[in-house]
Amino acid sequence: MADAETSRLCVQIVRSHFGPLSANVASALLTRGRLSLAQLIRYTMMKPRTVRAAILVLVQQNILWHSNTEEEGDMLEFNTLECLMRLRFGRFVWQTEQLFGPSGAEIVLLILDHGKLQSPDIISRLSIHNPKSSSLYSQTLYKLISGAYLKPSTLLSHHSPRDKRIKYEAEEKAKITGFPTAKELREAQETAEARLKREEEEAESVGLKRKPKDLINHRSSKKKATEEDMVDDEVYFRVNFDKFNTYIRNKLIEMAAGERFNRSAALVMRATLKATEARQKSVSDARSDPTSTAAIAMLISDDDDLSTGLVTSTKKASSASLVKDYLGLMSAVDNPTPAGKAASFISLTDNKVYVEFEIVSKRLRRRVLEAVARERHGDDGVRIVRLLLDIGKMDEKQIAKVAMMPNNIVRPLLAALSSDFLISTQEVPRTADRNPTRTFYLWHVDLHKAYSALLGHLYKTLYNVGMRRQAEQEEPTVKAVLAKRERTDVAQDENLLSRMERDVLKEWETKREKLTVLEMRVEEAVFILRDLDKVGSHEDI
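The sections below set out a description of the structure shown in this document. Quantities reported herein were computed from a predicted structural model and do not represent experimental measurements. (Residues numbered from 1 in each chain as written. Predicted model: local features only at pLDDT ≥ 70, side-chain atom pairs only at ≥ 80, totals over all residues. Heavy atoms only, no water.)

## Let's talk about empty space enclosed by the protein
Evaluation of the coordinates by the stated rule reveals 1 cavity of 30 Å³ or more. By volume, the largest cavity amounts to about 80 Å³. Mapped by element, the contributors of at least two residues to the lining of the largest cavity are helix 6 (89–114) and strand 7 (236–239). Tallied by class, residues from the lining of the largest cavity come to 5 nonpolar, 3 polar and 3 charged. (1 Å grid on protein atoms, 1.4 Å probe; cavity = no way out; pocket = protein on both sides within 12 Å on 5 of 7 lines; lining within 4 Å. Points joined across faces, edges and corners; volume = space filled by probe spheres on them. Helix = DSSP H or I, 4+ residues; strand = E, 2+ residues; numbered from the N terminus. Nonpolar A, V, L, I, M, F, W, Y, C, P; charged D, E, K, R; others polar.)

Spelled out as structure tokens, the structure:
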């Protein structure tokens, strides 16, 4: 089950998107965990027909998992991550428009509205007013599917992966004879994870099929094999959030390179990420696929002057040599130490360039943690957090000595940091009775605990932003003006509104824009802490 802050935010999202009845069902599932239909009817105190309709809507939108087991029967479970992803829908549509134009944005928007759709339904709905545009939508849909921006909605995607993982781990542990060791348990977990991933890939391999022989154009022998594929009309498609999340991650890495070095380094980083963009499928990848310096140099525009960010010995250096210098700078070749590797963005191996997603993601999450510590506890709090992250477990006297701070400042600061879950304590008893007077208390940073606490605060902030937007919208004056604007005659000509009404409307739009910008900034921090925490693994936080 989700915690209180996550549950409140999910219920608010469901209420704003699907209404109070669906929100009531979501609240029951988030509060009580997985439930059967009979239990949902009893806890929500709604009519069975209404509960079934709400369940159908939420399953269609991929927000509910359902499973059928011999012990429990048909059970329903809330998909928290899928619900929270709805906060990024606007960004996904914007990204699609940048890549594929308005037709791609319309397709993604339609699928987001309906949860999942078949190819004929998508084409018929979008080309209903202009039948001639059906070929354009068909071509764009094929590009979205072949580029993994859309993925098939399979039966496996409607079941909780946690159930499958537990089942597969139990099967692997049953093969172990005797008392299992830690290594055997870890291997069983890795085998179960690989089996689950393999099943998901096999289930999502559908979507495109070979064209019939009578539809293949034989006039050109240079046609690629991919051009002989066509979209399978029997498959339901949904938006692949992982693919769109890679663009958010790449933008954050580009911005981090620009802040660390300069604008020219950010341009080289953008070209490096773009060189492997088509092969980036998920944010869980620890590093990118290899690319070459020549491929990166080809993606640098002629209008971009890379020489402004470097001091070179020659007056006119070539673009390839400048790119190579920037890559060496971002790979920390001048600092071949653990500290240099931890501060790098890329790695160079056998004339191949790799973007180290895992290293950069750890650094981004640590930056968020330090920013929160600085905001709440000042520079002294950041100094203690950095000290514990670099050295490890230390007692209070050691912290005061190494940080060069007096004990009367360190002691309350440690207590304040601990109350915010930014640092934790480890008890080391000197005697078997665990007497507190004969126990060492070592301070350290538990990153998973700290990030989980920060996520809870960010979810609370997102909930408060949504409540503030709702309160501003339900103010009597604003509500009346918004209701008047919905009239058909006013929608066609807003000059029918009075001057005072237009001022009220302008003020409301300004407030809504500010709240939206704040929501996007908080959501970006959520992405860093939650989505980038899965780099190198395939588990949900």
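## Structural notes on the pattern of salt bridges
Per the stated rule, a full pass over the model turns up 32 salt bridges. Glu259 is the salt-bridge partner of Arg367, the closest N and O atoms lying 2.8 Å from each other. With Arg367 in helix 16 (residues 357–391) and Glu259 in helix 11 (residues 241–260), this residue pair connects regions lying 108 residues apart in the sequence. With a relative accessible area of 39%, Arg367 lands in the partly exposed category. Residue Arg530 pairs with Asp531 through a salt bridge whose shortest N-O separation is 3.2 Å. Classification of Asp531 by relative accessible area gives buried; the value is 1%. Residues participating in the shared-partner salt-bridge network are Arg34, Glu77, Arg162 and Asp163. (Salt bridge = Lys/Arg side-chain N within 4 Å of Asp/Glu carboxyl O. Buried < 20%, exposed > 50% of the residue type's maximum accessible area, 1.4 Å probe, protein only.)

## A look at the packing of aromatic side chains
Per the counting criterion, the structure on display carries 8 aromatic pairs. Summarising the aromatic geometry, the rings of Phe89 and Phe92 are spaced 6.4 Å apart at their centres and angled 40° between planes, so their arrangement reads as tilted. Pair noted here: Phe89 and Phe92 are both in helix 6, with a separation of 3 residues, about one helical turn. Taking the relative accessible area as the measure of exposure, Phe89 reaches 13% and is therefore buried. In this arrangement the basic side chain of Arg42 is found over the ring face of Tyr43, its NZ or CZ atom lying 5.1 Å from the centre. The ring of Phe357 has Arg249 sitting right over it, with the charged end atom 3.7 Å from the ring centre. (Phe/Tyr/Trp six-rings, centres within 6.5 Å; stacked < 30°, edge-to-face > 60°. Lys NZ or Arg CZ within 6 Å of the ring centre and 35° of its normal.)

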